[in-house]
Amino acid sequence: MKTVLDYSQAAEGILAEASFDRNYFGKIESIFCQGNGYLGIRNVTEEQYWGESREMYVSGTFDRASGDTVPELPNAADVLEMKLILNGCIFTLQEGNILAYRRTLNLNTGECVRKVRWRSPAGDTLALEFRRIVSLNRLHVIAQQISIAAEERAVSVCIETGVNGRITNGGEQHFSRNAKRVREGRFLEYIQVTGESEIPFFFHTAISLFLNGESFFVPCSARRERRRLFARYNTEVPAGKTLRIEKISTVHTGLDAEFAGLSWEQQAQAAFVCCREANELGYRQLADDSARAWEKTVWKRGAVQIESKDPFDALALKFAQYHLHVMTPAHDERMNITAKGLSSDAYRGHTFWDTEIFILPYYTFTHPDMARRLVRYRCLSLESACGNARRNGWKGAQFPWEAAGPNDGETSSEWGGPDLFTGEFYRMPYGQTEIHITADVVYGLRQYVAETGDEAIMEDGGYELVFQTAIFWVSRLQCGPDGLLHLYGVVGPDEYKNDVDDNAFTNYMAHWNIRWAVECCDKLQIEHSSLYRALDKRLDLARARGIWDAALRKMYLPQPDEDGIIPQTADYRSLKSIDLSAYKFRERVGSITDDYTWEELHGMQVSKQADTLLLFTLLGDYFSKEQKIANWHYYEPRTLHDSSLSLCTHSILASDVGDLPLAYTMFRHAAEIDLGPNMSSSDEGIHAASIGGIWQCAVLGFGGVRIRGGMLQITPALPNSWEKLSFFLWWHGCRIHVSAAHDRLVLENISGTKSVLVQVQDRIYTLDETLSIPLCNLN
Ligand code: BGC
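Residues numbered from 1 in each chain as written. Predicted model: local features only at pLDDT ≥ 70, side-chain atom pairs only at ≥ 80, totals over all residues. Heavy atoms only, no water.

**Student:** Could you give an account of the nonpolar core, with specific residues and numbers?
**Tutor:** By size, the foremost hydrophobic cluster in this structure holds 170 residues, and its most contacted members are Trp 353, Phe 467, Trp 548 and Leu 747. Of the residues forming this core, the biggest block, 13 residues, is contributed by helix α10 (residues 504-527). The residues touching Leu 747, leaving out its near neighbours within four places in the chain, are Ile 714, His 737, Val 738, Val 758, Val 760, Leu 767, Glu 769, Thr 770, Leu 771 and Ile 773. With 49 residues, the next largest nonpolar core counts Ile 146, Ala 150, Val 157 and Leu 188 among its residues. (Core = buried A, V, L, I, M, F, W, Y, C linked by side-chain atoms within 4.5 Å. Buried < 20%, exposed > 50% of the residue type's maximum accessible area, 1.4 Å probe, protein only. Helix = DSSP H or I, 4+ residues; strand = E, 2+ residues; numbered from the N terminus. Contact = heavy atoms within 4.5 Å.)

What follows is the structure, given as structure tokens:
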């Protein structure tokens, strides 16, 4: 496979693009995406090319492009664009000669550096260096620094740059109005407002020029065009000297919490002041401050380190953690993580179960404060989840399969198509049927509370969320001819099976959800009677508790058959079997649909992604090791891994059942979804859930971290090629450093004032300060 990715600096945490290739823009734009959870920008170059995707998203700013569309994140105006005319030649790598080229993304600091030696069509040899950060500590700031060194003779430089609002979501324009002005003679101000949700976006930008480090002034001539405001600066670089251009821009929106209560005029003023301050600091200071923020908030608190033969593995972990922080709106509980992070508008910027099942564990174990906001987002959505259930004819709270703002309810499209060839519209029932999301949300809350002990969140909406979801499940259950309660007409995680009955994953998760509601009810009654009474008055808890108990007894839970296999759906085992080897691990996912229709897929023993097996990683206590192994051997060969969510689950489960070589192979496959040599796999953005899954493979899989019966359990088993794995965990307010080798586990209670009970293999230890525990091979 041809690739321009270069892993030679992997050990330093640096990802590199070794040569310029227009075929691979999509990959580089996505995996080099920069951001801070407030905003995310695809890594496009300053100069424009055909085929690139200039995209920037600001978390939470949903808008409907027209009445019958679902809300999506609008692609905001472009502040990166810069046209450079050097001795009369427009700088573009499509002309002249590229003498040297390398673009790197330093995952430690978030800084991207592109170095190019270019011989222009006019015959000038120029060394250009482009640096860029999206600040992690100043959430609104995007800083660029461009250096141009004239090697042989003086070069005239014309810079044209500003804010370009001629940006759309694949042609769909979300911004109906805009306003432009120049402040204090040099700050360009561009305001655009979303059409339906009326959210103002404020862009400010200015440039500063330096010759061999000395600042100098060039008057700017500003021009406004339709949806575009830009300025031109003319100067010269003498031979042997370097011109440095700094462009510091800021982005704010009317959703910003600090703007609450301010008029648009006041918001614009505050945004402008922010940009002016950032410009006073300059690129280097901004980049250094941001690098320090990465060190303090990300790496010092939660870095995973791997000592292994192949530095790619450590790079994969660094890559995952970098992107987790680029994509997560940790600053505001009204927002959540989207399926492609902030690197694309695929999936419209919506939130799925990807958050709770694949990403949240990273935050609960390493950044509980950020995890809390992600969980709170679901508490804020409770009312609209109740509305969603009512609209669908159920009681309680049904969380949306696809979510946008907390009050937007279900945002998946009900209809797809029309089909290109038949012209027919097809129904996409996921919003109605992929109901396991409701239990997944509750599972995320449960994990968060178990790991942090944060009872306050339960009192502040958590209990009600658990009760309302249990009410939903019992209203959704239907009594079957066998007298048991069933879930009919659902879609499980395996979306190649539509409208199925008794999907094992959904049934067990719903059962678990109701069971936790019963436990919460009893606990609340004893420990917090006033809250119990308040909720009882509204939800009739005393009666509900009886119904839940009965439902738990009568609910149908698919049991292992004579071969030990838990049927994924009622009829799965009787479906036709085919040889899937031609479709597994292909460069293009979904290649099976070239040969089989959706109807045919529905009738075959073929799964898109982990379904029943995922259950074993979430509710491990419900099943024996033998059952896990039997089901692994049955389901894995039938799973195409056509969803990026699949491989990490398989890796963790392979670790659980003791097949470390396979766990490692699956981990590598998962890591290679975005980071591997397939140069088209990330065109539509990074795979957020899989990125959370990479961390899980290391910490939950090889690190063996689990919560069992309310206790922390760490049972590491490293793959052969790893010498050591170390990571941090927060557990009930204590920070623990875990360092695992093949034969020994060292635990350090770093910040804790209290001791922690921890189970390692089959023994329970009290961790006060440090423990060094010999490990025996359990497999
Ligand atoms: C997967 C879902 C996932 C969604 C967003 C789909 O292809 O099947 O499980 O939630 O993508 O990542």
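**Student:** Describe in detail the UniProt feature "domain: Glycoside hydrolase family 65 C-terminal" (unreviewed entry) in the protein chain, supporting the description with residues and values.
**Tutor:** In this numbering, the UniProt entry assigns the feature "domain: Glycoside hydrolase family 65 C-terminal" (unreviewed entry) to residues 706-767. In residues 706-767, the share of helix is 0% and the share of strand is 66%. The end C-alpha atoms are 16 Å apart. (UniProt positions renumbered as here; feature names shortened; annotations may be inferred.)

**Student:** Outline the UniProt feature "binding site: substrate" (unreviewed entry) in the protein chain, supporting the account with residue identities and numerical values.
**Tutor:** When the UniProt feature table is mapped onto this chain, "binding site: substrate" (unreviewed entry) is found at Trp 353, Asp 354, Lys 608 and Gln 609. Assignment of secondary structure puts Lys 608 in the loop between α13 (598-602) and α14 (612-618). When near neighbours in sequence (up to four residues on either side) are disregarded, Lys 608 contacts Asp 494, Glu 495, Tyr 496, Thr 639, Leu 640, His 641, Asp 642 and Ser 643. Within the structure, the side chain of Gln 609 is placed 3.5 Å from the backbone oxygen of Pro 493, a separation counted as a polar contact. (Polar contact = N/O pair within 3.5 Å; in protein donor to acceptor, adjacent residues only side chain to side chain.)

**Student:** Give me the lowdown on the pairing of strand β2 (residues 14-17), citing residues and values where you can.
**Tutor:** Covered by surrounding structure in β2 are Ile 14 and Ala 16 together with Leu 15 and Glu 17, the residues of both alternating faces. Summarising the sheet, strand β1 (residues 5-6) and β2 pair through two bridges and their orientation is antiparallel. By the bridge assignment, Asp 6 is partnered in β2 with Ala 16. (Pairing = 2+ DSSP bridges.)

**Student:** Summarise the sheet that holds strand β33 (residues 770-774); cite the residues concerned and give the values.
**Tutor:** Two pairing modes exist for strands in a sheet, parallel and antiparallel, and in both the strands are linked by backbone hydrogen bonds. Pairing within the open sheet is antiparallel, and its five strands lie in the order β20-β28-β29-β30-β33. Across the chains shown, the open sheet's two edge strands, defined by having one partner strand only, are β20 (305-308) and β33. For this sheet the average axis-to-axis angle between neighbouring strands, irrespective of direction, equals 15°. Judged from the five bridges that link them, strand β30 (residues 744-749) and β33 form a sheet pairing that is antiparallel. (Axes fitted to C-alpha atoms, helices over the stretch in contact; angles between N-to-C directions.)

**Student:** Tell me about the site of the ligand, residues and numbers included.
**Tutor:** Residues in contact with the ligand, as listed here, are Ala 339, Tyr 347, Phe 352, Trp 353, Asp 354, Trp 401, Glu 495, Lys 608, Gln 609, Ser 643 and Leu 645. Measuring from an oxygen atom of the ligand, one finds a side-chain N or O atom of Asp 354 at 2.6 Å. With respect to the ligand, the side chain of Lys 608 contributes an N or O atom lying 2.9 Å from an oxygen atom. Isolated, the ligand exposes 310 Å² of accessible area, and the fraction of that covered by the protein chains is 92%. In terms of residue class, the shell around the ligand is made up of six nonpolar, two polar and three charged. (Near = heavy atom within 4 Å. Areas by Shrake-Rupley, 256 points an atom, 1.4 Å probe, with all protein chains shown as cover. Nonpolar A, V, L, I, M, F, W, Y, C, P; charged D, E, K, R; others polar.)

**Student:** Tell me about the packing of helix α4 (residues 354-366) against helix α18 (residues 688-702), and please be specific about residues and values.
**Tutor:** Following both chains from N to C, one finds α4 and α18 inclined at 50°, their axes separated by 8 Å at the closest point. Judged on the interaxial angle alone, α18 and α4 are oblique. Judged by the sense of rotation from one axis to the other, the crossing of α4 with α18 is left-handed. Contacts between α4 and α18 involve Asp 354, Ile 357, Phe 358, Ile 359, Pro 361, Tyr 362, Phe 365 and Thr 366 from the former and Ala 688, Ala 689, Gly 692, Gly 693, Trp 695, Gln 696 and Leu 700 from the latter. (Parallel < 35°, antiparallel > 145°, perpendicular 65-115°, else oblique. Left-handed = near helix turned anticlockwise from the far one by under 90°.)

**Student:** Would you mind going over the pattern of salt bridges in detail, with residue names and values included?
**Tutor:** Pairs may arise between side chains of opposite charge once their charged atoms sit close together. Counted by the stated rule, this structure contains 53 salt bridges. Measuring nitrogen to oxygen at the nearest pair gives 2.7 Å for the salt bridge that ties Asp 454 to Arg 372. Here Asp 454, found in the loop between α8 (436-452) and α9 (455-476), pairs with Arg 372, found in helix α5 (residues 368-380); they are 82 residues apart in sequence, far enough to count as distant. Across the pair Glu 455 and Lys 523 runs a salt bridge, and its minimum N-O distance is 3.2 Å. Of this pair, Glu 455 sits in helix α9 while Lys 523 sits in helix α10, placing them 68 residues apart in sequence. Owing to a relative accessible area of 28%, Lys 523 belongs among the partly exposed residues under this scheme. (Salt bridge = Lys/Arg side-chain N within 4 Å of Asp/Glu carboxyl O.)

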